[in-house]
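Below are the chains, spelled out letter by letter.
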Amino acid sequence: MTTVLIKGLGLIGSSIARAIRKEYPTVKIIAEDKNQDSLNFALRNHIIDQAGHNWSTVGRADFIILASPVSQIIADLHALSQLKLKAGVVVTDVGSTKQAVMNASQELQVKGVTFIGGHPMAGSHLTGARAGRSDLFSGAYYFLVGDSQSEAVSHLEHLLAGLHVKWLSLTAEEHDLIVAQISHVPHVIAAALVNQTQAALTGLPGGMDLAAGGFKSVTRIAASDPTMWQAIMLSNQENISQQLGDYIDHLTRVKKDIDDGDGQALLKFFSSAQAARQSLNRRDRHEVNSHRIHG
């Protein structure tokens, strides 16, 4: 029997557990989490088979999935390097940055333990084990960092087949650059917009209660777990800072165009964004139709 140990039973960890359970009902799933309520919920709903504590069951695991914030993943990799693990175990993570994680994994890898960096590009502003869904990752990209041709990668992809993701192998440097632009910077922007709007509307009739569809759509991700995002910011500082600087430059140029009343420049700005965003919509529709035809 295959045994999977998941460390961290929040949104991502519990969704992975659900997907494994649905695809492979006989796989034994053990979870550790500092939140006992999450463990109790997962046990009651048969999402996991057993709750562990302080790596008490680590020697039985064929797969270890680290699904905590990046700072905790790094600490867990150090802890695992000091423990006796099952021969042939595959260790992986779902952290949002990869260079820091891959560096931390070296301590484990020099002892002959296989580590594969991973990151599913899906999520929600909701948090906790109760928010997990077996279909959370369906159709999303799942980044892998490591030897994409290795037998261990094939075994991991087989275990996670129920996620129904699109696998993509990258270097750690490529991963961190990409996610800074499409995930990390947007979270900063959304949080900044919420904070700025809260301050701007304080004392005015209605205040933040007036925020409707467009504002809520743009800022939905600002409701995500602050602790997780603090860890992400500190583990991908250089890329995020560089790309935020580029974004600020764009805002500065738009502000100048508004101040100057430059209608042509503003039209070009919005037209370029519209075209790029519509092309993304077309790709999404094409993927849905392809799935209907070939799925």
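None of the values given here were measured: they were computed from a predicted structure.

**Here we look at the nonpolar core**
Counting 37 residues, the largest nonpolar core has Ile 16, Ile 20, Ile 48, Ile 65 and Leu 160 as its most contacted members. Going through the elements one at a time, strand S1 (3-7), helix H1 (11-23), strand S2 (28-32), helix H2 (36-44), strand S4 (63-66), strand S7 (141-145) and helix H5 (151-159) are the ones with two or more residues in this core. At six residues, H1 tops the list of elements feeding residues into this core. If sequence neighbours within four positions are ignored, Ile 20 has contacts with Val 4, Pro 25, Val 27, Ile 29, Ile 65, Leu 159 and Leu 160. In terms of nonpolar packing, the next biggest core, distinct from the first, is built from 22 residues, Leu 5, Val 58, Val 91 and Leu 108 among them.

**Here we look at the pattern of salt bridges**
Going through the model one piece at a time under the given rule, you end up with eight salt bridges. Here Asp 93 makes a salt bridge to Lys 98, at a shortest N to O gap of 2.9 Å. Taken individually, Asp 93 and Lys 98 each receive the classification buried, so the pair is uniform in this respect.

**What to know about the sheet that holds S2**
One open sheet accounts for eight strands, arranged S3-S2-S1-S4-S5-S6-S7-S8; its pairing is mixed. Each of the sheet's edge strands pairs with one partner strand only, and the pair in question is strand S3 (50-51) and strand S8 (166-169). Pairing of S2 with S3, which is carried by two bridges, proceeds in the parallel orientation. In the sheet register, Ala 31 faces S3, and the bridge partner there is Ala 51.

**Some words on the packing of helix H3 (residues 70-81) against helix H4 (residues 99-109)**
The geometry of H3 relative to H4 is characterised by a closest axis approach of 8 Å and an angle of 10° between their N-to-C directions. Taken as axis vectors, H3 and H4 run roughly parallel relative to one another. Contact with H3, carried on its side by Val 70, Ile 73, Ile 74, Leu 77, His 78, Leu 80 and Ser 81, involves Ala 100, Val 101, Ala 104, Ser 105, Glu 107 and Leu 108 of H4 and no other residues of that element. Across the contact of H3 with H4, the residue classes tally to nine nonpolar, three polar and one charged.

**As for the packing of aromatic side chains**
Under the defined criterion, the tally for this structure stands at two aromatic pairs. Their ring planes at 75° and their centres at 5.0 Å tell us that Phe 269 and Phe 270 sit as a pair that is edge-to-face. On the basis of relative accessibility, which here comes to 53%, the residue Phe 270 falls in the exposed class. Here the guanidinium or amino end of Lys 166 rests over the ring plane of Tyr 141, the centre of that ring lying 4.3 Å away.

**Examining a nonpolar patch on the surface**
Taken together, the side chains of Tyr 247, Ile 248 and Leu 251 make up a nonpolar region of the molecular surface, amounting to roughly 270 Å² of accessible area. With respect to the helices, strands and loops of the structure, Ile 248 is situated in helix H9 (residues 237-260).

**Here we look at H3**
Between its terminal C-alpha atoms H3 stretches 17 Å, which fits the 16 Å expected from 12 residues at 1.5 Å a residue. Buried within H3 we find Val 70, Ile 73, Asp 76, Leu 77, Leu 80 and Ser 81. Looking down the long axis of H3, one finds its buried residues gathered within 135° of arc, a one-sided arrangement. The secondary structure elements touched by the buried residues of H3 are S1, S4, strand S5 (90-93), H4, strand S6 (114-120) and helix H8 (226-235).

**Considerations on the confidence of the model for the protein chain**
When pLDDT is low, close inspection of the predicted coordinates is not appropriate. Chain-level pLDDT for the protein chain is 91 on average; 95% of the residues reach the 70-or-more range. Counting interchain partners and residues more than four positions distant, the pLDDT-below-50 stretch residues 288-295 has one contact.

**Overview of H4**
When H4 is considered as a whole, its buried residues turn out to be Val 101, Met 102, Ala 104, Ser 105 and Leu 108. Down the axis of H4, the buried side of the element spans an arc of 165°, and every buried residue falls inside it. Against H3, S5, S6, S7 and helix H6 (172-201) lie the buried residues of H4.

**Here we look at the side chain of Ser 68**
Turning to its location among the elements, Ser 68 is positioned in the loop between S4 and H3. Of the polar contacts made by the side chain of Ser 68, one reaches the backbone oxygen of Lys 7; its length is 3.5 Å.

**Looking at the pairing of S2**
In terms of burial, S2 is largely enclosed, as four of its five residues are buried. Of the strand pairs in this sheet, S1 and S2 are connected by five bridges, and their pairing is parallel. Residue Thr 3 lies in a different strand from S2, and its bridge partner there is Lys 28. As for the winding sense of the linkage, the β-α-β connection from S2 through H2 to S3 is right-handed.

The rules behind these values
Residues numbered from 1 in each chain as written. Predicted model: local features only at pLDDT ≥ 70, side-chain atom pairs only at ≥ 80, totals over all residues. Heavy atoms only, no water. Core = buried A, V, L, I, M, F, W, Y, C linked by side-chain atoms within 4.5 Å. Buried < 20%, exposed > 50% of the residue type's maximum accessible area, 1.4 Å probe, protein only. Helix = DSSP H or I, 4+ residues; strand = E, 2+ residues; numbered from the N terminus. Contact = heavy atoms within 4.5 Å. Salt bridge = Lys/Arg side-chain N within 4 Å of Asp/Glu carboxyl O. Pairing = 2+ DSSP bridges. Axes fitted to C-alpha atoms, helices over the stretch in contact; angles between N-to-C directions. Parallel < 35°, antiparallel > 145°, perpendicular 65-115°, else oblique. Nonpolar A, V, L, I, M, F, W, Y, C, P; charged D, E, K, R; others polar. Phe/Tyr/Trp six-rings, centres within 6.5 Å; stacked < 30°, edge-to-face > 60°. Lys NZ or Arg CZ within 6 Å of the ring centre and 35° of its normal. Patch = residues over 30% accessible without salt bridge, like charges linked within 9 Å, V, L, I, M, F, W, Y side chains within 5 Å. Areas by Shrake-Rupley, 256 points an atom, 1.4 Å probe, with all protein chains shown as cover. Expected span 1.5 Å × (residues − 1). Arc of directions from axis to C-beta. pLDDT = per-residue confidence, 0-100. Polar contact = N/O pair within 3.5 Å; in protein donor to acceptor, adjacent residues only side chain to side chain. Right-handed = clockwise from strand over helix to strand, strands pointing away.

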